[in-house]
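One letter stands for each residue in the lines below.
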Amino acid sequence: MKFFVDTANLSHIKEAADLGILDGVTTNPSLMAKEGIKGNENILKHYADICALVDGDVSAEVLSTDFESMVAEGKALAAIHPNIVVKVPMIKDGIKAIKWFTDNGIRTNCTLVFSAGQAILAAKAGAAYVSPFIGRIDDSSWDGIQLIEQLAHIFMVQGFETEILAASIRNPLHIVRAAEAGAHICTCPLGSILGLLKHPLTDIGLAQFLEDAKKM
Ligand code: G3P
């Protein structure tokens, strides 16, 4: 499973990249706004800065919702760097735009996916990635991981090449369960990735080894 970091924060991206396990980055308008990125020029520059930090795909989301504007925006985003993947919302014009991007050699990530039907449509349109929001599904008392399992089965049976990008990850257990369920990629906040390191027996064991090492 590939690891993406889900943030527009450059120091978080750098920290994840420095670990040596980072395969890409996803962003969304909320994450960009959180970093205070405003205005088209600054937005494009911020994506270029992210691309300079990570050797992997970087999802950059379109802000419009009609086909023509999404295509224009996506073309500008894709021109920033070959690693840019245009993130497109799961709406009717979004599917049309994904198909257009696919036909024109621009890779896409279909976002805001909450059902198998939506994911099938995105895969049919040729999306490189489909992003089921597992945390938000859990928030509404449905089972986000169950959707990943369902998609992994459908995509395998149907031979879809679209990769399942588990998004809206809220904790390290989500990462483990998404891996178990067959997600191709997990996109996570840095804190959830670092949470995978934690185990009290590791800390206790290391303290003991360091203590015993003094006797060597
Ligand atoms: O990649 C989508 C993700 O950023 C949404 O996460 O925590 O806002 O549901 P969250």
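Placed above this text is the structure.
Residues numbered from 1 in each chain as written. Predicted model: local features only at pLDDT ≥ 70, side-chain atom pairs only at ≥ 80, totals over all residues. Heavy atoms only, no water.

Glancing now at the overall build of the protein. Secondary structure summary: the protein contains 11 helices and eight strands in total. The C-alpha atoms of the protein give 19 Å as radius of gyration, which agrees with the globular expectation for 216 residues (17 Å, within 12%). Once the C-alpha set of the protein is aligned to its principal axes, its extents read approximately 70 × 40 × 30 Å. Burial status across the protein gives 45% buried among its 216 residues. Of the contacts made within the protein by residues no fewer than 6 positions apart, 56% connect residues no fewer than 24 positions apart. Total accessible area on the protein is roughly 11,100 Å²; 57% of this is exposed by carbon and sulfur atoms. The centroid of the 18 positive side-chain charges in the protein is displaced by 2 Å from the centroid of its 25 negative side-chain charges. (Helix = DSSP H or I, 4+ residues; strand = E, 2+ residues; numbered from the N terminus. Rg over C-alpha atoms; globule rule 2.2 N^0.38 Å. Buried < 20%, exposed > 50% of the residue type's maximum accessible area, 1.4 Å probe, protein only. Contact = heavy atoms within 4.5 Å. Areas by Shrake-Rupley, 256 points an atom, 1.4 Å probe, with all protein chains shown as cover. Lys, Arg positive; Asp, Glu negative; His and termini not counted. Charge placed at Lys NZ, Arg CZ, Asp CG, Glu CD.)

What surrounds the ligand is the set Asp6, Asn28, Lys87, Phe133, Arg136, Ala167, Ser168 and Arg170. Here an oxygen atom of the ligand and a side-chain polar atom of Arg136 are 2.6 Å apart. In the complex, the protein chains occlude 82% of the 310 Å² of accessible area that the ligand would expose alone. Here the residues of the shell around the ligand sort into two nonpolar, two polar and four charged. (Near = heavy atom within 4 Å. Polar contact = N/O pair within 3.5 Å; in protein donor to acceptor, adjacent residues only side chain to side chain. Nonpolar A, V, L, I, M, F, W, Y, C, P; charged D, E, K, R; others polar.)

In total, this model carries nine salt bridges according to the counting rule given. One salt bridge connects Arg107 with Asp57, and the closest N-O pair in it is separated by 2.7 Å. Placement of Arg107 in the loop between helix H5 (92-103) and strand S5 (108-113) and of Asp57 in strand S3 (residues 57-61) is noted, with a sequence separation of 50 residues between them. For the salt bridge of Glu61 with Lys87, the shortest nitrogen-to-oxygen distance reads 4.0 Å. Within this pair, whereas Glu61 is found in strand S3, its partner Lys87 is found in strand S4 (residues 84-89), the two being separated by 26 residues in sequence. By the burial criterion, Glu61 is buried, and Lys87 matches it. (Salt bridge = Lys/Arg side-chain N within 4 Å of Asp/Glu carboxyl O.)

So, about the nonpolar core. With 60 residues, the main nonpolar core has Val5, Val25 and Tyr47 as its most contacted residues. The element best represented in this core is helix H8 (residues 144-158), accounting for seven residues. Each residue touching Val25, except ones within four places of it in the same chain, is listed here: Phe4, Val5, Thr7, Ile13, Ile50, Val54, Asp57, Val58 and Ser59. Listed in part, the seven residues of the second largest apolar core include Val85, Leu165, Ala167 and Ile185. (Core = buried A, V, L, I, M, F, W, Y, C linked by side-chain atoms within 4.5 Å.)

This part is about the packing of H5 against helix H6 (residues 116-125). One way to put it is that H5 packs onto H6 with a least axis distance of 8 Å and a crossing angle of 30°. Looking at the two axes, H5 sits roughly parallel to H6. Across from Ile95, Ile98, Lys99 and Thr102 in H5, the residues of H6 making contact are Leu121, Ala122 and Ala125. Counted by class, the contact of H5 with H6 contains five nonpolar, one polar and one charged residues. (Axes fitted to C-alpha atoms, helices over the stretch in contact; angles between N-to-C directions. Parallel < 35°, antiparallel > 145°, perpendicular 65-115°, else oblique.)

Two descriptors summarise a pair of aromatic rings, namely the distance from one centre to the other and the angle between the planes of the rings. Scanning the model with the defined rule gives four aromatic pairs in all. Their ring planes at 80° and their centres at 5.8 Å tell us that Phe4 and Tyr129 sit as a pair that is edge-to-face. Taken together, the positions of Phe4 in strand S1 (residues 2-6) and Tyr129 in strand S6 (residues 129-132) put the pair 125 residues apart, joining distant regions of the chain. You'll find Phe4 and Tyr129 in the same group, each marked buried. Over the ring of Phe67 we find Lys96; its NZ or CZ atom is 4.7 Å from the centre of that ring. (Phe/Tyr/Trp six-rings, centres within 6.5 Å; stacked < 30°, edge-to-face > 60°. Lys NZ or Arg CZ within 6 Å of the ring centre and 35° of its normal.)

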